[in-house]
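Coordinate inspection notes
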Amino acid sequence: MAEVRHPISLTVNGVVHEVAVPARRLLSDCLRHDLGLTGTHVGCEHGVCGCCTVLLDGEPARSCLTFAVTADGHEITTVEGLAGPDGTPSPVQKAFSECHALQCGFCTPGFLCTVTALLRDTPAPTDDEVLEGISGNLCRCTGYQNIVKAVHRAAELTAEESAS
C-alpha cells in the first residue's frame, strides 16, 4: 500500500515551496531532505538539544518535534535565511564569528535562530535574560561564555545598525 502524501505549502526564507509529505514527516526532515536546506541540524530528535531550532512565524520552534503538515501555510526561517539577501551575515552571525562562539558548529544553527528571536524581543538583554534565552540550546563542545559574549555583541551590532 502506497504511503499517503499530503500537499503543503511552506514559505521558507521568503520562498514558497509546495511539497507533498507523509503525515508523520518531521519539519526538520522536510527542510533537510525535501527542500535541501541542510543548515538545520538534528541532534537529539527529542526537542532537548535545540540544534533543530527554526523560526516558525518568527518564534523559535523545534523542527524535530513539529510535523511538516502542521507548518502548512506558515513562514519558516532557517539558518540559511538569517543573512541578508546579498549574503551579508546578520548581526547575530557576525557576533558568533567575532566572539568565537562555536567550536564544531553542530549546535550553532539552533543558537543563531534562538538568539535572533531573543534579540528581537529583548534588544538589550541582561546576563540573566541571555542565559534564560539560550537555556533550551545545548553545546556539547564548549562552555557558554563565548556564546553569552556573542549575544551581547550581537545586541551591540544590532543597535549600531539601527542607529545608522
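Residues numbered from 1 in each chain as written. Predicted model: local features only at pLDDT ≥ 70, side-chain atom pairs only at ≥ 80, totals over all residues. Heavy atoms only, no water.

- The name recorded for the protein in an unreviewed UniProt entry is Carbon-monoxide dehydrogenase small subunit, from Sphaerisporangium rubeum.
- Its UniProt record gives the protein the following Pathway (unreviewed entry) comment, quoted word for word: "Alkaloid degradation; nicotine degradation." (UniProt positions renumbered as here; feature names shortened; annotations may be inferred.)

Some details on the overall build of the protein
- The number of helices and strands found in the protein is five helices and five strands.
- Tracing the protein from N to C terminus, the helices and strands come up as β-β-α-β-β-β-α-α-α-α.
- For 164 residues, the compact-globule formula gives about 15 Å, and the C-alpha radius of gyration of the protein, at 16 Å, lands near that figure.
- C-alpha extents for the protein along the principal axes are approximately 55 × 35 × 25 Å. (Helix = DSSP H or I, 4+ residues; strand = E, 2+ residues; numbered from the N terminus. Rg over C-alpha atoms; globule rule 2.2 N^0.38 Å.)

What about the side chain of serine 28?
- Tracing the sequence through the fold places serine 28 in helix α1 (residues 27-34).
- Judged by relative accessible area, which is 1%, serine 28 ranks as buried. (Buried < 20%, exposed > 50% of the residue type's maximum accessible area, 1.4 Å probe, protein only.)

Considering the nonpolar core
- One finds Val92, Phe96, Phe111, Val115, Leu119, Ile134 and Ile147 to be the most contacted residues of the largest nonpolar core, which totals 28 residues.
- Secondary structure elements with two or more residues in this core: α2 (91-98), α3 (108-121) and α5 (145-163).
- In terms of domain composition, this core takes at least three residues from each of domain 1 (5-81) and domain 2 (91-163).
- Those residues in contact with phenylalanine 111 that sit more than four places away from it in its chain are Phe96, Ile134, Asn137, Leu138, Cys139, Tyr144 and Ile147.
- In terms of nonpolar packing, the next biggest core, distinct from the first, is built from 14 residues, Ile8, Leu27, Val54 and Ala68 among them. (Core = buried A, V, L, I, M, F, W, Y, C linked by side-chain atoms within 4.5 Å. Domains from an automatic or database assignment. Contact = heavy atoms within 4.5 Å.)

Re the sheet that holds strand β1 (residues 5-12)
- Strand order across the open sheet formed by five strands is β2-β1-β5-β3-β4, with mixed pairing between neighbours. In this open sheet, the two strands that pair with only one neighbour each are β2 (15-22) and β4 (59-62). Direction aside, the axes of adjacent strands within the sheet are offset by 40° on average.
- The sheet contact formed by β1 and β2 spans eight bridges and is antiparallel. (Pairing = 2+ DSSP bridges. Axes fitted to C-alpha atoms, helices over the stretch in contact; angles between N-to-C directions.)

Let's talk about the domain arrangement of the protein
- The domain boundaries assigned to the protein delineate domain 1 (5-81) and domain 2 (91-163).
- The C-alpha centroid of domain 2 is placed 22 Å from the C-alpha centroid of domain 1.
- The interface of domain 1 with domain 2 comprises 18 residues on the first partner and 17 residues on the second.
- Surface buried jointly by domain 1 and domain 2 totals about 1200 Å² across both partners, of which 59% is contributed by carbon and sulfur atoms.
- Three residues stand out in domain 1 for area buried against domain 2, namely His41, Cys51 and Val79, and they jointly supply 36% of the buried area on that side.
- Scanning the region where domain 1 abuts domain 2 turns up six residue pairs in polar contact (both at pLDDT 80 or more). (Buried area = accessible area lost by both parts, 1.4 Å probe. Polar contact = N/O pair within 3.5 Å; in protein donor to acceptor, adjacent residues only side chain to side chain.)

Things to note about the pattern of salt bridges
- Applying the stated criterion across every chain yields a total of seven salt bridges.
- One salt bridge connects arginine 120 with aspartate 121, and the closest N-O pair in it is separated by 3.0 Å.
- Between arginine 153 and glutamate 156 there is a salt bridge, and its shortest N-O distance comes to 3.0 Å. One end of the pair, arginine 153, and the other, glutamate 156, are both in helix α5, three residues apart, so they sit about a helical turn from each other.
- The network of salt bridges with common partners includes Glu98, Arg153, Glu156 and Glu160. (Salt bridge = Lys/Arg side-chain N within 4 Å of Asp/Glu carboxyl O.)

Brief notes about the packing of α3 against α5
- Direction vectors running N to C along α3 and α5 enclose 45°, while the axes themselves pass 11 Å from each other. The orientation of α3 with respect to α5, classified from their angle, is oblique. Considering how the two elements wind past one another, α3 and α5 form a crossing that is right-handed. Contacts between α3 and α5 involve Phe111, Val115, Leu118 and Leu119 on the former and, on the latter, Ile147, Val151, Ala154 and Ala155. (Parallel < 35°, antiparallel > 145°, perpendicular 65-115°, else oblique. Left-handed = near helix turned anticlockwise from the far one by under 90°.)

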